[in-house]
Amino acid sequence: MRFTRAIVRPPGATFAHGLSREPLGTPNLELALLQHQRYCDALLECGLALTRMPASDELADAPFVEDTALIARGRAITTRPGAPSRLGEVADVHDALVARGFEPDAIREPGTLDAGDVCEAGDIVFVGVSERTDEDGARQLATWLRAIGLAPRVVDVRGERSILHLKSGVSWLGDGRLLVIPELAGHAAFADFETVVVDASEAYAANAVRVNDRVLLAAGHPLAEAKLRDLGYLPLVLDMSEFAKLDGGLSCLSLRF
Ligand code: GLY
């Protein structure tokens, strides 16, 4: 699948107050803005045109735009984020999708779903049940995916305390391959895929993003980078330090379609 566009949203004034599970420190807004700009430049380098939403000074986690919607097979669905403080992000993303010509469906109350729990892998789509996505949200999305001809597979990651979302621990590389953290390497849901396992010391690298001919990879993971190069991929390495402090990864920063 080739992407042609992405929706992105830069950090706003209150970004440092975003949700965080990890004691990695307070993000620096200026540096986050610089890293976000480089991320946007990387998407442009991959051939994508960008829709840049205005920053929100009220919604600290708004840059993690991926969690609020999913676009597949030319259709869009908005989500119902599992963190109450993030529910307000959805209306703006809905409007951005409508402005791009989509007529988004929606995950309905009481279900919750963060699209960071959704990993598209060709016709198969892994849907994580996590601390943010509940069984009802996963069920609603699975129904929507089946209706557009995709095959959902629900993966319960509630026992994997090291990851916030499914995609914190697994990424689709294309070519029948998944990049995974060691804890998910043997998961039955992935049995018919080749798994490329990141070293335990580089778990954050598992949130990579295949974008056309490149793979976006977080900086500071030389083992993962070497592994990807050996397999013939062209990693595009990006510094993500300020987003990692809020449990955000590369995939979280854009909605690609
Ligand atoms: N800080 C991103 C999230 O927790 O959803």
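Source: prediction; values computed, not measured.

Asker: Any chance you could explain the environment of valine 154 here in plain terms?
Answerer: If you trace the backbone, valine 154 turns up in strand β8 (residues 151-156). Its relative accessible area of 49% is what places valine 154 among the partly exposed residues. Those residues in contact with valine 154, other than ones at most four positions away along the chain, are Val127 and Val129.

Asker: I'm lost on the nonpolar core in this one. Help?
Answerer: In globular proteins that are soluble, nonpolar side chains generally tend to be buried together. In terms of nonpolar packing, the biggest core is built from 28 residues, with Phe126, Leu178 and Phe190 touching the most fellow members. Of all the elements in the fold, those that place two or more residues in this core are β6 (118-121), β7 (124-129), β9 (170-174), β10 (177-180), β13 (214-218) and α4 (222-230). Sort the elements by how many residues they give to this core and β10 lands first, with three residues. Excluding anything up to four places from it in sequence, phenylalanine 190 contacts Phe126, Val155, Val170, Leu178, Leu184 and Thr195.

Asker: What is the right way to look at the sheet that holds strand β11 (residues 194-197) in this model?
Answerer: Within a beta sheet, neighbouring strands are joined by backbone hydrogen bonds and run either parallel or antiparallel to one another. Taken together, the three strands give an open sheet; going across it, the order is β9-β10-β11, and neighbouring strands pair in mixed fashion. Two strands close off the open sheet at either side, each with one partner strand: β9 and β11. Taking the axes of each pair of neighbouring strands and ignoring which way they run, one obtains an average angle of 30 degrees across the sheet. Sheet topology places β9 next to β10; four bridges connect them, and they run antiparallel.

Asker: Is there a simple way to think about the sheet that holds β8 in this case?
Answerer: What the three strands build is an open sheet, ordered β6-β7-β8; its pairing is mixed. Of all the strands in the sheet, the pair left with one neighbour each is β6 and β8. Ignoring strand direction, the axes of neighbouring strands in this sheet form an average angle of 20 degrees. In this sheet, β7 lies alongside β6 in antiparallel orientation, the contact comprising four bridges. Paired with alanine 121 across the strands is isoleucine 124, a residue of β7. Together, β6, β7 and β8 form the strand contacts of helix α3 (residues 135-147), whose direction differs from that of β7 by roughly 170 degrees.

Asker: What exactly am I supposed to notice about the packing of aromatic side chains here?
Answerer: Given two aromatic rings, their pairing is described by the distance between the two centres and the angle made by the two planes. On inspection of all chains with the given rule, the structure shows seven aromatic pairs. With a centroid separation of 6.1 Å and an interplanar angle of 85 degrees, the aromatic rings of phenylalanine 64 and phenylalanine 243 are classed as edge-to-face. In this pair, phenylalanine 64 sits in the loop between β2 (49-52) and β3 (69-72) while phenylalanine 243 sits in helix α5 (residues 241-244), placing the two residues 179 residues apart along the sequence. In this structure, phenylalanine 64 and phenylalanine 243 share a single accessibility class: buried. For the ring pair tryptophan 172 and phenylalanine 193, a centre distance of 6.0 Å and an interplane angle of 85 degrees mean the geometry is edge-to-face. Taken together, the residues span a long stretch of sequence, with tryptophan 172 in strand β9 and phenylalanine 193 in the loop between β10 and β11 at a distance of 21 residues. Taking the relative accessible area as the measure of exposure, tryptophan 172 reaches 24% and is therefore partly exposed. Classification of phenylalanine 193 by relative accessible area gives buried; the value is 12%.

Asker: It is not clear to me how the pattern of salt bridges should be interpreted in this structure. Could you clarify?
Answerer: Proximity of charged atoms lets side chains of opposite charge pair with each other. For the coordinates displayed, the defined rule picks out 20 salt bridges. Two residues, aspartate 192 and arginine 153, come together in a salt bridge whose shortest N-O distance is 2.8 Å. One end of the pair, aspartate 192, is in the loop between β10 and β11; the other, arginine 153, is in strand β8, and 39 residues separate them in sequence. The partner of aspartate 175 in a salt bridge is arginine 210, with the nearest N and O atoms 3.4 Å apart. Separated by 35 residues along the polypeptide, aspartate 175 in the loop between β9 and β10 and arginine 210 in strand β12 (residues 209-211) bring together distant segments of the chain.

Conventions used here
Residues numbered from 1 in each chain as written. Predicted model: local features only at pLDDT ≥ 70, side-chain atom pairs only at ≥ 80, totals over all residues. Heavy atoms only, no water. Helix = DSSP H or I, 4+ residues; strand = E, 2+ residues; numbered from the N terminus. Buried < 20%, exposed > 50% of the residue type's maximum accessible area, 1.4 Å probe, protein only. Contact = heavy atoms within 4.5 Å. Core = buried A, V, L, I, M, F, W, Y, C linked by side-chain atoms within 4.5 Å. Pairing = 2+ DSSP bridges. Axes fitted to C-alpha atoms, helices over the stretch in contact; angles between N-to-C directions. Phe/Tyr/Trp six-rings, centres within 6.5 Å; stacked < 30°, edge-to-face > 60°. Salt bridge = Lys/Arg side-chain N within 4 Å of Asp/Glu carboxyl O.

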